[in-house]
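# Fold and contact review
Here's the letter readout for the chains.
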Amino acid sequence: MSHVVMQAAEFSTVDAAARAEAELLQLVADYITYEKTADAPWSDDAVPGPLVELGRRHGVPWPGDSTSRVLLKGLFEDEANVLRVDRLVFFWGGGFDLGDAWLRAVLLRGLGAVRCTGWPQLLVRVDDPQARAAASGEFLVEEGYEEQFTTTPDDAALDGALFAITFERGGDRVHLTFDDSGVQEWAFVAMLPQLWGDDPVLRAPAREAPGGAASLE
């Protein structure tokens, strides 16, 4: 199973998140058409039209070099995914790059995100963190992800996590952490639909480079 590359954005309202979701779904649809019709869609000097057009719509000139590449392992039709969970929007696929800082710039400037990151760690406020973490662990095991996650109260575990979900109430918190070994990233992906109705938010992970998990002031 290929490495997961992901972009995640948090919006101030559900309506704003829904608009961003629609934009990304349109990007995926346009990219599928581009891959089917362009002469050499994956050549080194190709600047995909759907990315250029997305940037143009939101006042971000898309660069014509490798810093803005979208490289998935396979076709967009098979690999690209968009999911909204309340005010969060996730865009991911198995591969190598997903627009990096340029796509985050579009999400931030054009689509109104209040926070955006390529290494999402989520904070979910619940009544009983211990019980919710245990139930989430049971779900992952049932889905075939046994040993593909770690459940811990240790905040230091976040430093080494690729992705994470923290269930919290006051000072009581439990983390589900996922690293970049094998299937753990996909276990995180499997958990995302389980958070509907919980209003999760993004937290800036310790491993992100400065400025990577940007906030609009």
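Residues numbered from 1 in each chain as written. Predicted model: local features only at pLDDT ≥ 70, side-chain atom pairs only at ≥ 80, totals over all residues. Heavy atoms only, no water.

### Quick word on the confidence of the model for the protein chain
Residue-level pLDDT values for the protein chain average 90, and 93% of them are 70 or greater. Under a pLDDT of 50 for its full length, residues 208–217 has, in the predicted model, 21 contacts with residues more than four places off or in other chains. (pLDDT = per-residue confidence, 0-100. Contact = heavy atoms within 4.5 Å.)

### Things to note about the environment of His175
Note on placement: His175 falls in strand S9 (residues 172–178). A relative accessible area of 0% places His175 in the buried class. Contacts of His175, omitting those with residues within four sequence positions, involve Thr150, Thr151, Thr152, Pro153, Asp154, Asp155, Leu158, Ile165, Thr166 and Arg203. Looking at His175, its side chain comes within polar contact range of the side chain of Asp155, at 2.7 Å. (Helix = DSSP H or I, 4+ residues; strand = E, 2+ residues; numbered from the N terminus. Buried < 20%, exposed > 50% of the residue type's maximum accessible area, 1.4 Å probe, protein only. Polar contact = N/O pair within 3.5 Å; in protein donor to acceptor, adjacent residues only side chain to side chain.)

### Notes on the nonpolar core
Counting residues in hydrophobic clusters, the biggest one holds 33 residues, and the most contacted among them are Phe11, Phe76 and Phe91. Here the element with the most residues in this core is helix H1 (residues 14–37); it accounts for nine residues. Setting aside residues up to four positions removed in sequence, Phe11 forms contacts with Ala16, Ala17, Ala20, Arg87, Val89, Leu107, Leu111, Gly112, Ala113 and Val114. (Core = buried A, V, L, I, M, F, W, Y, C linked by side-chain atoms within 4.5 Å.)

### Examining the layout of surface pockets
In this structure, the largest pocket encloses a volume near 190 Å³. Contributing to the lining of the largest pocket are His3, Val4, Val5, Met6, Gln7, Phe96, Asp97, Leu98, Asp100, Arg104, Gly118 and Trp119. Of all the secondary-structure elements, those providing two or more residues to the lining of the largest pocket are strand S1 (4–11), strand S4 (88–98) and helix H4 (100–110). Top element by residues in the lining of the largest pocket is S1. It accounts for four residues. Taken together, the residues of the lining of the largest pocket break down into six nonpolar, three polar and three charged. (1 Å grid on protein atoms, 1.4 Å probe; cavity = no way out; pocket = protein on both sides within 12 Å on 5 of 7 lines; lining within 4 Å. Points joined across faces, edges and corners; volume = space filled by probe spheres on them. Nonpolar A, V, L, I, M, F, W, Y, C, P; charged D, E, K, R; others polar.)

### Let's talk about the packing of aromatic side chains
By the definition in use, this model includes five aromatic pairs. On the numbers, 5.5 Å between centres and 80° between planes, the contact of Tyr31 with Tyr34 is edge-to-face. One end of the pair, Tyr31, and the other, Tyr34, are both in helix H1, three residues apart, so they sit about a helical turn from each other. Through pairs of rings, three or more aromatic residues link up here, namely Tyr31, Tyr34, Trp42 and Phe76. (Phe/Tyr/Trp six-rings, centres within 6.5 Å; stacked < 30°, edge-to-face > 60°.)

### Concerning the sheet that holds S9
Overall, mixed pairing links the five strands, which are arranged S7-S9-S8-S6-S10 in an open sheet. Looking along the sheet, the strands with just one partner apiece sit at the ends: strand S7 (150–152) and strand S10 (201–203). Put simply, the sheet's adjacent strands are angled 25° from each other on average, direction ignored. Two elements, strand S8 (residues 163–169) and S9, share seven bridges in a ladder whose sense is antiparallel. Residue Phe163 lies in a different strand from S9, and its bridge partner there is Phe178. On the sheet, helix H5 (residues 129–142) packs against S7, S8 and S9 and is oriented at approximately 20° with respect to S9. Running over the sheet, helix H6 (residues 184–191) touches strand S6 (121–125), S8 and S9 and is turned about 45° from S8. (Pairing = 2+ DSSP bridges. Axes fitted to C-alpha atoms, helices over the stretch in contact; angles between N-to-C directions.)

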